[in-house]
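# Coordinate inspection notes
This is what each chain is made of:
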Amino acid sequence: MDMPSASCRFAGRSVLVTGAANGIGRAVALRFAEEGASVCANDLESSAGLAATLERLAEASARSGFRARHVAAPGDVSQAAAVETMVDTACALTGGLDILVNNAGIQRQGASHEVDAAAHDAVLNVTLNGAVLAAKAALRRFLAQGRGGTIVNVSSVHEIIPKPGFLSYSLAKGAIGNLTRTLALEYADRGIRVNAVGPGAIDTPMNAAWTGDAAQRRAVESHIPLGRVGTPQEIAALVAFLASDEAAYITGQTIFACGGLTLFNEFRQNWSS
Ligand code: NAD
């Protein structure tokens, strides 16, 4: 007989996770599957990691004893038609949608006085507008279903900490905070909660340029009060909490999981008085 695992906060629920072929998105998708959800995993059609995510989702459900179904929904979150299709695909899993995780995001580096218009548009279109499009589509389903729903946006410490040389990314994440608060207020009376997580430096392919290099990694970690880079699983745990009924009284918040990066590390010793 299949026995549900001790943790089954999402049994019978359906979740759409964008950008789920790698990094934080994959860890989030797996966490939901481990806790009983049926997961619709989105990423770009060209993303090789999506098939591997699907395999691992099936393994996670088998391990935890849930009869959940999982599906891939390849598509670009910046394209409205693709977003509608992925939300339909997620709804088909269980006959509705319960949770949206807006995770897909990209960044481009360059001095702000030389910012490339195409790169700027690309970052905003994926990282911000993709979240807006998916939220719009999910909210319509939540309202039609009449049983509430929840959205978790993957923001960043750069929602509140400036990131020189990454203007478009900084702007997008700042706006994700506002998107979170605005939607939370607008839909609270319909039982819909909207929150965000703000990761610090996490060990994912986005940071492949330095995570594999011991010296560069130490340099990054010297700026983090807790002294280490975070794991995708640590972010997934927070996403799952915010999406769960345990967070039923939390809406409109960005919760930072960043090893203390938002604490002004430069002030750990007094130098100002
Ligand atoms: P990642 O690059 O490892 O994964 C991002 C995924 O999004 C990739 O699989 C990519 O193919 C997908 N993606 C990109 N464009 C897409 C599009 N148009 N449509 C659908 N999918 C698309 O990155 P990650 O580190 O796992 O980051 C995930 C989220 O976490 C992002 O929003 C990122 O800004 C945020 N974040 C990451 C860190 C970190 O240190 N890694 C810190 C703060 C915030």
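In what follows, the structure referred to is the one given above.
Anyway, here's the lowdown on the structure attached to this text. (Residues numbered from 1 in each chain as written. Predicted model: local features only at pLDDT ≥ 70, side-chain atom pairs only at ≥ 80, totals over all residues. Heavy atoms only, no water.)

## What to know about the pattern of salt bridges
A complete count under the given rule lists 13 salt bridges for this structure. The salt bridge involving Arg-31 is made with Glu-35; its shortest N-O contact spans 2.8 Å. Given a relative accessible area of 26%, Arg-31 falls into the partly exposed group. Through salt bridges that share partners, Arg-9, Arg-31, Glu-35 and Glu-246 make up one connected network. (Salt bridge = Lys/Arg side-chain N within 4 Å of Asp/Glu carboxyl O. Buried < 20%, exposed > 50% of the residue type's maximum accessible area, 1.4 Å probe, protein only.)

## Side note on the nonpolar core
Leu-16 and Leu-97 are the most contacted members of the largest nonpolar core, which totals 33 residues. The set of elements that each furnish at least two residues to this core consists of helix 3 (80–94), helix 4 (117–145), helix 5 (167–187) and strand 6 (192–199). Ranked by residues supplied to this core, first place goes to helix 4 with 10 residues. Excluding residues that lie within four positions of it along the chain, Leu-97 makes contacts with Ser-14, Val-15, Leu-16, Val-87, Ala-90, Cys-91, Ala-138, Phe-142, Gln-145 and Arg-147. Counting residues in hydrophobic clusters, the runner-up holds 32 residues, among them Ala-33, Ala-41, Ala-60 and Ala-240. (Core = buried A, V, L, I, M, F, W, Y, C linked by side-chain atoms within 4.5 Å. Helix = DSSP H or I, 4+ residues; strand = E, 2+ residues; numbered from the N terminus. Contact = heavy atoms within 4.5 Å.)

## Some thoughts on the sheet that holds strand 1 (residues 14–17)
In spatial order, the strands read 3-2-1-4-5-6-7; together these seven strands make up an open sheet with parallel pairing. In this open sheet, the two strands that pair with only one neighbour each are strand 3 (70–74) and strand 7 (254–257). This sheet shows a mean twist of 20° between the axes of neighbouring strands, independent of strand direction. Set on the sheet, helix 1 (residues 23–34) makes contact with strand 1, strand 2 (38–43), strand 3, strand 4 (99–102) and strand 6; between it and strand 1 the angle comes to about 175°. (Pairing = 2+ DSSP bridges. Axes fitted to C-alpha atoms, helices over the stretch in contact; angles between N-to-C directions.)

## Brief notes about the site of the ligand
In the vicinity of the ligand, 30 residues are found, and the nearest of them are Asp-43, Asn-103, Tyr-169, Thr-204 and Asn-207. Residue Asp-76 places a side-chain N or O atom 2.8 Å away from a nitrogen atom belonging to the ligand. A distance of 3.0 Å is found between a nitrogen atom of the ligand and a backbone nitrogen or oxygen belonging to Val-77. Look at the ligand: alone it shows 820 Å² of surface, and the protein chains cover 92% of it. (Near = heavy atom within 4 Å. Polar contact = N/O pair within 3.5 Å; in protein donor to acceptor, adjacent residues only side chain to side chain. Areas by Shrake-Rupley, 256 points an atom, 1.4 Å probe, with all protein chains shown as cover.)

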